[in-house]
Amino acid sequence: MKTPVVAIGLDAADPVVLEEWMSQGHLKNLSRVREQGAYGRLENIVNYCGVPTPAASTERLWAMTWTGCMPDKTGFWGTSKFYPESYGIDRDILKVGCDFEQNPPFYALGEDYRVFVLDPPTSGLSSQVNGLQVLAWGGHYPFTPSVSVPAEVLPEMIREYGENPVLYKDDGIWWDKAYEKWVPGAIRESVEKRAQVCRDYLKKEDWDFFFVGFGEAHTAGHDLWYTHYDHPVYEFHGKPAGPLMLEAFENIDRAIGEILDAVPENAYITLFSPHGMGANYTDLLSMAVLPEMMYRFNFGKAAIAPGNPSEEPGPIISHPFRKSWMGEMWARNYEQNPLKRALRPYLPSKLLRDRLNGLESPYVLMEQNAPLFWMPAMWYRPLWSQMRAFALPYFADGHVRINVQGREGSGIVPPSEYDAVCEEVIEKLWKLKDARTGKSIVRQISRTRRTPFDEGNLSDADIVVVWEEVITDVVDSPDFGRIGPIPHFRAGGHRSRGFFMAKGPGIAPNSSIERGQALDIAPTILGLLGAPIPDRLDGTPLLEVSSVRSAAIR
């Protein structure tokens, strides 16, 4: 006997914030599910050379959710691929993304189960799904093509419900008042349409497994966190804006309630987020500070945002001038001429196309459709072949690659010196401090391979840096001087914590789930479905499946 399972994925919805709001009487539908069932937090790790390392990267954690497998099994560590022969970076979804035929999502259950999935982040089509798969109708840069099976479903959905107003458009920044005015309404419209789609498809047939992803939670966290009290720019922009992030989540909660009203009474309900969100402490460090530090490590001079560590840091940049973070950062590429340096922040982009300090202009990269053209780490790419070590463009953690002879196309570090260079870089990293507080900004440093020629499903990086939760815009190094102040970017940044809640037959109300991780979601839902749990999965069920299933059958 089958009991249907309805799963709702809230992309990057943070348990700390949700628990706070639920305790205050907000998010009534989430609270209802929590009170009627089991709830617990998730804490995610990956392993580098056997060393557990906190993991907060969105796409990697969603791939771990769908496959139930660690990245060293699937080979999917992130959304870009480094080619050592050419020092190229690829971000093509079809080349870089997880192979979901070789590593199928857990809902690829064959002919015995009818399945509906709408907007699963970082998933892919699987030939083993009996039902409807709709990818990237909406979502926050879902890292999957907009496609469906059957092929006509997505075009029909767009004709009936309209295009999603948020998809690939939620890249605004906190000082953009026009964006601040637009995004709450876009989130509200998106979740209302999503709820209607789900209600209609729940009526079409009896699904064994029904999943919908709410990428709007991701949008709200990234773009509206500055309206939360714990962000440095809150004093400048948060108070006038009001509780925009809470309003966005209340709209999401309302849509969840409408979906749950259409769910069969005997269904298991699961709501989860593989990872969370908090005030952003990683973007500036991984995308800008680390590549600049590696530039100084190699060339003994500064490129972007040099400062004097003997002086008090300048004030937070509260009102950036340019229309993009990319432009603000590029304008801080150091110009020797004092007059040009003074004018640089105000120059039109057409006058900011030349290489400066060896860095490629993002405006040129943008015209070339280069991947991640907006990220400062990419601007240093023309110099990578000349550097002993360099920072790869990456989200969340910092990633450093050693330029090894015989591995990289123009490698300059002899393999015999690989360990020494790794340890030299690590020693410099541990010294980095928040210039405003003097606190260390490095929490953990992991090496990903024992030799430069280790094989297997390994990360492109040789060194991975996990940052302390220190939100700073200016960093001091005793070896390389000061970097910053630099403008804050996306207000919200990812955390390795997530949550899982479930209610249904045999699940005790107000019960707790021992802390698990994203890997455990797949075997948990498979257990609720009464489906086999493949041996290849690395996760384990969060619920005692046998007792739950026997209660459901009775």
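One can find the structure itself at the top, above this paragraph.
Heads up: these notes are all about the structure in this document.

Basis of the calculations
Residues numbered from 1 in each chain as written. Predicted model: local features only at pLDDT ≥ 70, side-chain atom pairs only at ≥ 80, totals over all residues. Heavy atoms only, no water. Helix = DSSP H or I, 4+ residues; strand = E, 2+ residues; numbered from the N terminus. Rg over C-alpha atoms; globule rule 2.2 N^0.38 Å. Buried < 20%, exposed > 50% of the residue type's maximum accessible area, 1.4 Å probe, protein only. Contact = heavy atoms within 4.5 Å. Pairing = 2+ DSSP bridges. Axes fitted to C-alpha atoms, helices over the stretch in contact; angles between N-to-C directions. Phe/Tyr/Trp six-rings, centres within 6.5 Å; stacked < 30°, edge-to-face > 60°. Lys NZ or Arg CZ within 6 Å of the ring centre and 35° of its normal. Polar contact = N/O pair within 3.5 Å; in protein donor to acceptor, adjacent residues only side chain to side chain. Core = buried A, V, L, I, M, F, W, Y, C linked by side-chain atoms within 4.5 Å. Parallel < 35°, antiparallel > 145°, perpendicular 65-115°, else oblique. Nonpolar A, V, L, I, M, F, W, Y, C, P; charged D, E, K, R; others polar. Salt bridge = Lys/Arg side-chain N within 4 Å of Asp/Glu carboxyl O.

## Quick look at the overall build of the protein
Then, in step 1: Helix and strand counts for the protein come out as 18 helices and 23 strands.
Then, in step 2: Its C-alpha radius of gyration of 24 Å places the protein within 12% of the 24 Å reference for a compact globule of 554 residues.
Then, in step 3: Overall, the C-alpha framework of the protein stretches about 75 × 55 × 45 Å when taken along its three principal axes.
Then, in step 4: A burial count over the protein gives 63% of its 554 residues as buried.
Then, in step 5: The long-range share in the protein, meaning contacts at least 24 apart out of those at least 6 apart in sequence, stands at 70%.

## What to know about the sheet that holds strand E20 (residues 481-483)
Then, in step 1: In space, the four strands of this open sheet follow the order E13-E20-E19-E16, with antiparallel pairing throughout. Either end of the sheet is taken by a strand with one partner, and the two such strands are strand E13 (306-307) and strand E16 (433-434).
Then, in step 2: Sheet topology note: the E13/E20 ladder contains two bridges and is antiparallel. Note on E20: the bridge partner recorded for proline 306 is isoleucine 483.
Then, in step 3: The sheet contacts of helix H11 (residues 283-299) involve E13, strand E19 (475-477) and E20, and relative to E20 the element is tilted by about 150 degrees.

## Some points on the sheet that holds strand E10 (residues 209-214)
Then, in step 1: Taken in spatial order, the nine strands line up as E9-E8-E7-E10-E1-E11-E22-E2-E23 in an open sheet, and their pairing is mixed. The open sheet is flanked by strand E9 (147-149) and strand E23 (511-512), the only strands paired with a single partner.
Then, in step 2: Where strand E11 (residues 268-273) and strand E22 (residues 497-503) come together, five bridges link them in antiparallel fashion. In the sheet register, phenylalanine 272 faces E22, and the bridge partner there is phenylalanine 500.
Then, in step 3: Along the sheet, helix H17 (residues 521-529) contacts strand E1 (5-10), strand E2 (38-43), strand E7 (110-118), E10, E11 and E22; its crossing angle with E11, the most-contacted strand, is approximately 175 degrees.

## Description of the packing of aromatic side chains
Then, in step 1: Counted under the stated rule, the structure contains 33 aromatic pairs.
Then, in step 2: A centroid spacing of 5.5 Å and a plane angle of 50 degrees characterise the contact between phenylalanine 116 and tryptophan 207, whose relative ring orientation is tilted. Taken as a pair, phenylalanine 116 in strand E7 and tryptophan 207 in the loop between helix H7 (177-204) and E10 lie far apart in primary sequence, 91 residues in all.
Then, in step 3: For phenylalanine 116, a relative accessible area of 0% gives the class buried.
Then, in step 4: Relative accessible area serves as the criterion here: at 7%, tryptophan 207 is assigned to the buried category.
Then, in step 5: Taken together, a centroid distance of 6.1 Å and an interplanar angle of 50 degrees make the contact between tryptophan 374 and phenylalanine 395 tilted. Residue tryptophan 374 is located in the loop between helix H14 (362-367) and helix H15 (376-379), and its partner phenylalanine 395 is located in the loop between strand E14 (389-392) and strand E15 (398-402); the two are separated by 21 residues in the primary sequence.
Then, in step 6: Joined through ring pairs, the aromatic side chains of Trp62, Trp66, Phe106, Tyr107, Phe209, Phe211, Phe272 and Phe500 make up one cluster.
Then, in step 7: When the ring centre of tyrosine 113 is taken as origin, the NZ or CZ atom of lysine 2, which lies over that ring, is 4.3 Å away.

## Remarks on the side chain of aspartate 14
Then, in step 1: Of note, aspartate 14 is situated in the loop between E1 and helix H1 (15-23).
Then, in step 2: In this structure the side chain of aspartate 14 is engaged in a polar contact, spanning 3.0 Å, whose partner is the backbone nitrogen of valine 16.
Then, in step 3: In this structure the side chain of aspartate 14 is engaged in a polar contact, spanning 3.0 Å, whose partner is the backbone nitrogen of methionine 277.
Then, in step 4: Non-local contacts of aspartate 14, meaning those with residues more than four positions away in its chain, are made with Gly276, Met277, Arg495 and Arg497.

## Considering the nonpolar core
Then, in step 1: Grouped together as the largest cluster of nonpolar side chains are 126 residues, with contacts concentrated most on Phe214, Phe249, Met294, Trp384 and Ile463.
Then, in step 2: Discounting chain neighbours no more than four positions away, the residues touching tryptophan 384 are Phe82, Tyr87, Ile89, Ala377, Met378, Phe390, Ala391, Leu392, Pro393 and Asn403.
Then, in step 3: Counting 38 residues, the second-largest nonpolar core is a separate cluster that includes Val115, Ile507, Ala522 and Ala531.

## Here we look at the packing of helix H2 (residues 28-36) against helix H10 (residues 244-261)
Packed helices, taken two at a time, are described by the angle between their axes plus the distance between the axes.
Then, in step 1: Taken N-terminus to C-terminus, the directions of H2 and H10 make an angle of 55 degrees; their axes are 7 Å apart at the nearest point. On the basis of their axis angle, the class for H2 and H10 is oblique. When H2 is examined against H10, the residues Lys28, Asn29, Leu30, Arg32 and Val33 are found in contact with a partner set consisting of Asp253, Arg254, Ile256, Gly257 and Leu260.
Then, in step 2: Residue composition of the contact of H2 with H10, by class: four nonpolar, two polar and four charged.

## Re H2
Then, in step 1: Burial in H2 covers these residues: Asn29, Leu30, Ser31 and Val33.
Then, in step 2: Check the buried side of H2 and you find it contacts E1, H1, H10, E11 and E22.

## Observations concerning the pattern of salt bridges
Then, in step 1: Taken as a whole and judged by the stated rule, the model has 31 salt bridges.
Then, in step 2: Here lysine 95 ties to aspartate 90 by a salt bridge, and the two come within 3.9 Å at their closest N and O atoms.
Then, in step 3: Taking relative accessible area as the criterion, lysine 95 reaches 58% and is therefore assigned exposed.
Then, in step 4: On the basis of relative accessible area, aspartate 90 is assigned to the buried category, the value being 15%.
Then, in step 5: Measuring nitrogen to oxygen at the nearest pair gives 3.6 Å for the salt bridge that ties lysine 431 to aspartate 479. Of this pair, lysine 431 sits in the loop between helix H16 (418-430) and E16 while aspartate 479 sits in the loop between E19 and E20; the two residues are 48 residues apart in sequence, bridging distant segments of the chain.
Then, in step 6: Assessed through its relative accessible area of 28%, lysine 431 is described here as partly exposed.
Then, in step 7: Classification of aspartate 479 as partly exposed rests on a relative accessible area of 31%.
Then, in step 8: One connected set of salt bridges, linked through shared partners, spans Arg401, Arg407, Glu408, Arg449 and Asp462.

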